[in-house]
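Geometric and topological summary
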Amino acid sequence: MASFFDFDVKNTPGKAYSSMALILVVLLIFPFFAAQFGNSWVRIIDIALLYIMLALGLNIVVGFAGLLDLGYIAFYAVGAYMTALLASPQFAALLESVINQYPVFGEFLVGVMGPEILANGIHLSVWLIVPLAAVVAGLFGALLGAPTLKLRGDYLAIVTLGFGEIIRIFMNNLNEPINFTNGPQGVNLIDPIRVFGVSLGGEPGSRATVFVGGFSMPSVNAYYFLFLFLCIAIVFVTIRLQHSRLGRAWVAIREDEIAAKAMGINTRNVKLLAFSMGASFAGVAGAMFASFQGFVSPESFSLTESIAVLAMVVLGGIGHVPGVIMGGLILAALPEVLRHAVEPAQQAVFGRIIIEAEVLRQLLYGLAMVLIMLNRPSGLWPAPKSEDRPDGDIDKPAPASGVIPA
Amino acid sequence: MDTFIQQLINGLVLGSMYALVALGYTMVYGVLNLINFAHGDVLMIGAMAGLTILKILNSVAPDLPGYVKLGIAIAGAIPVCMLVNVIIERVAYRRLRNAPRLAPLITAIGISILLQTFAMMIWGRSPLPFPQLLSSEPIKLGGALISQTQLLLLVLAAVSMIALVLLVEKTKIGRAMRATSENPRIAGLMGVDSNKVIVATFAIGAALAAVAGVMWGANYASIQFAMGFMPGLKAFSAAVLGGIGNIYGAMIGGILLGIIESLGAGYIGDLTGGFLGSHYQDIFAFVVLIIVLTIRPSGIMGERVADRA
């Protein structure tokens with residue numbers, strides 16, 4: 001693989017660019033190929049691309065800056081719920097509940113915003129939603145980062161976990177007295193994304209088919225291209241960040257915070273930037289998720305999801321962008337592929353279904369996590385060790401007893 | 001005032017279960033610097049094993065008094081949990097002792113998924129009723145009520161914790177455990193067999209989780225394959241709140257968290273003028289956790305921990 005594909009832009013630019021172009025072509029053709037086997041396969045890849053965006057964002061926090069975040073899905077939720085409020089009829093329900101609870105303030109709000117919003121809610125365009133989601137989620141990231149600057153390792157993990165749970169509990173219960181989130185039922189009828197007047201969800205009555213010029217394609221394919229574009233943008237930003245001054249500062253903090261501080265790095269700001277940049281990627285992914293599904297509910301943002309995203313980062317290769325993409329692809333697509341594959345496979349081999357597909361899927365998923373980690377503790381495709389100091393292990397006592405030193 | 005005492009009792013009951021589970025987290029952390037994320041599921045296995053033993057008892061010897069049956073169920077669940085936890089250590093953690101710190105976290109999550117799936121295959125998907133063995137007649141305590149199950153739970157938790165303290169402070173294996181958590185390398189040089197200590201730690205933690213699991217079932221009368229998640233999470237929070245790695249911290253953290261949660265649930269409506277209701281109960285645990293850790297970054301009784309993710 002390494003011999004055929006080569007991404008070393010500096011030394012072999014021709015080969016690197018042609019490898020990239022080849023991969024891009026494959027990625028662009030892929031949905032038309034996959035759609036031959038049914039739209040559900042393209043849908044699986046769409047979801048996988050969303051997870052890859054999440055994993056890349058978390059990789060900044062955990063992989064580059066070394067801050068263990070177990071509540072990362074909260075930012076995804078912030079992006080998704082922001083979209084739900086600003087691109088669906090939900091805002092009308094919100095205003096109505098304000099009027100019922102606090103009539104004076106409610107009437108004032110309606111006076112400011114106009115009766116149109118009270119009737120239909122707010123419907124912002126995607127060009128506003130994406131930057132807003134990034135900014136709002138980024139603010140939440142800084143909000144989480146600020147009180148946790150002093151915390152280290154596992155203490156940080158539990159606080160971020162608590163933060164994630166708090167956000168989820170609020171989403172579940174903020175339907176009264178003022179109806180922000182519609183509670184456990186979730187928000188429905190979120191607008192599909194429109195790019196240059198073309199709805200990626202397909203026009204009503206078109207059976208989810210999108211027409212661009214003379215072409216037509218299923219809605220999932222249209223979303224595939226949007227998500228692919230965003231993924232590539234995020235990969236580009238991440239790689240540029242990694243080799244920037246900021247990226248090196250993150251790695252320095254991960255390796256030794258005190259030494260980084262002594263070198264003149266403003267650890268407070270750099271850590272806050274890691275939190276809010278990671279969060280803003282998740283915010284964008286969340287906005288995309290909400291528009292893609294047309295529906296959000298608190299169930300999609302449980303701790304299990306945070307852990308799944310973390311598993312993608314660690315399993316793929318922490319701090320290494322290609323590895324993280326691979327981890328995201330495998331862990332997001334594997335359960336779905338298993339769901340489609342295990343029942344026919346059992347039918348073929350045993351002539352009947354011995355274990356339910358759902359149960360077997362869980363078993364294989366858990367088993368895969370354990371086996372991959374046991375055999376490749378640094379991930380499937382770990383980062384090259386070039387940034388380590390040559391004598392990096394000198395301050396760690398040798399593991400004579402076979403126990404991790406305290 | 002009666003509500004206050006009542007919530008205090010409820011909190012104490014909840015908190016002593018958290019404390020039992022938190023001890024398992026904190027002891028493993030002490031010797032290995034590792035979060036055993038599958039520990040909540042060990043509690044679930046304990047509850048399920050206890051239920052199976054009770055079912056067998058009910059068909060073999062239905063006339064035994066409730067206390068005896070519950071005692072047998074706990075005594076039977078303990079070795080099951082010990083075995084499960086020791087197997088977890090052997091399979092998922094031993095080979096990763098010198099691996100990057102997040103690797104064992106991921107295997108732990110994988111093991112947790114596997115345990116839940118196995119439980120789903122053995123005991124089914126839907127919640128199972130846990131038989132009520134003790135008289136449901138509550139005991140009056142001041143103006144508040146405490147059920148016999150809750151009382152037994154408090155007694156059992158107290159006995160287990162005292163036994164644990166004696167074990168850790170007075171016995172040879174306890175001394176080896178303390179030495180290993182102080183400095184594993186030097187403990188090894190002094191002749192401590194670290195593998196033996198680690199296995200013992202996992203076994204003891206599992207025994208405490210088994211007690212908590214069976215009593216959880218007896219108290220809430222319903223158990224399910226996914227039941228271990230929330231208590232596991234809260235107990236982990238409790239361990240961190242107390243200062244992870246410190247067994248007294250885990251006890252204090254667990255009981256404190258339980259009391260805060262039930263007082264919070266009881267009074268949040270009054271505090272916020274009816275804006276937030278008791279379904280915000282879970283928020284309290286985490287908000288308090290965040291506040292305490294912001295003020296005291298290493299928990300109530302903790303020391304500085306390793307700073308790598």
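Residues numbered from 1 in each chain as written. Chains lettered and ligands numbered in written order. Predicted model: local features only at pLDDT ≥ 70, side-chain atom pairs only at ≥ 80, totals over all residues.

Looking now at the overall build of chain A. Counting secondary structure elements, chain A contains 15 helices and 6 strands. Relative to its 406 residues, chain A shows a buried fraction of 44%. (Helix = DSSP H or I, 4+ residues; strand = E, 2+ residues; numbered from the N terminus. Buried ≥ 20, exposed ≤ 12 C-beta atoms within 10 Å, placed from the backbone.)

For the rest of this paragraph, the subject is the interface of chain A and chain B. Of the residues lining the interface, 46 residues belong to chain A; the matching set on chain B comes to 51 residues. Elements with a contribution of two residues or more to the side of chain A that touches chain B: helix H8 (153-173), helix H13 (303-316) and helix H15 (357-375) of chain A. Along the lines of polarity and charge, the residues of the side of chain A that touches chain B split into 32 nonpolar, 9 polar and 5 charged. (Contact = placed C-beta atoms within 7 Å. Nonpolar A, V, L, I, M, F, W, Y, C, P; charged D, E, K, R; others polar.)

A separate point is the packing of helix H2 (residues 39-60) of chain B against helix H9 (residues 229-242) of chain B. Residue and element names in this part refer to chain B. Two numbers describe how H2 lies on H9: the axes approach to 8 Å, and their chain directions differ by 135°. One way to sum up the angle between H2 and H9 is to call them oblique. As for the relative orientation of H2 and H9, their crossing is right-handed in sense. Mapping the contact onto sequence places His39, Gly40 and Leu43 in H2 and Phe229, Pro231, Gly232 and Leu233 in H9. Among the residues making up the contact of H2 with H9, the classes are represented as 4 nonpolar, 3 polar and no charged. (Axes fitted to C-alpha atoms, helices over the stretch in contact; angles between N-to-C directions. Parallel < 35°, antiparallel > 145°, perpendicular 65-115°, else oblique. Left-handed = near helix turned anticlockwise from the far one by under 90°.)

For the rest of this paragraph, the subject is helix H10 (residues 247-271) of chain B. Its 25 residues give H10 of chain B an end-to-end C-alpha distance of 33 Å, which sits within 8% of 36 Å, the value for a rise of 1.5 Å per residue. Its maximal kink placed at Ala265 of chain B, H10 of chain B deviates by approximately 40°. (Expected span 1.5 Å × (residues − 1). Bend = angle between axes of the 7 residues up to and from the residue.)

The predicted model of chain A averages 83 in pLDDT, with 90% of residues at 70 or higher. Across residues 390-406 of chain A the pLDDT falls below 50, and counting only partners more than four positions away or on other chains, this stretch makes 30 contacts in the model. (pLDDT = per-residue confidence, 0-100.)

Turning to the environment of Asn219 of chain B, a few remarks are in order. Residues and elements named next belong to chain B. With respect to the helices, strands and loops of the structure, Asn219 is situated in helix H8 (residues 194-220). Assessed through the 17 C-beta atoms surrounding it within 10 Å, Asn219 is described here as partly exposed. Between the alpha carbons of Asn219 and Val13 there is a distance of 9.4 Å; along the sequence they are 206 residues apart.

Among the nonpolar cores identified, the biggest contains 221 residues, and Met53, Val309 and Ala311 of chain A together with Cys81 of chain B are the most heavily contacted of them. The element contributing the most residues to this core is helix H2 (residues 39-64) of chain A, with 17 residues. Aside from chain neighbours lying at most four places away, what touches Met53 of chain A is Leu230, Cys231, Ile234, Phe281, Val284 and Ala285 of chain A. (Core = buried A, V, L, I, M, F, W, Y, C linked by C-beta atoms within 7 Å.)

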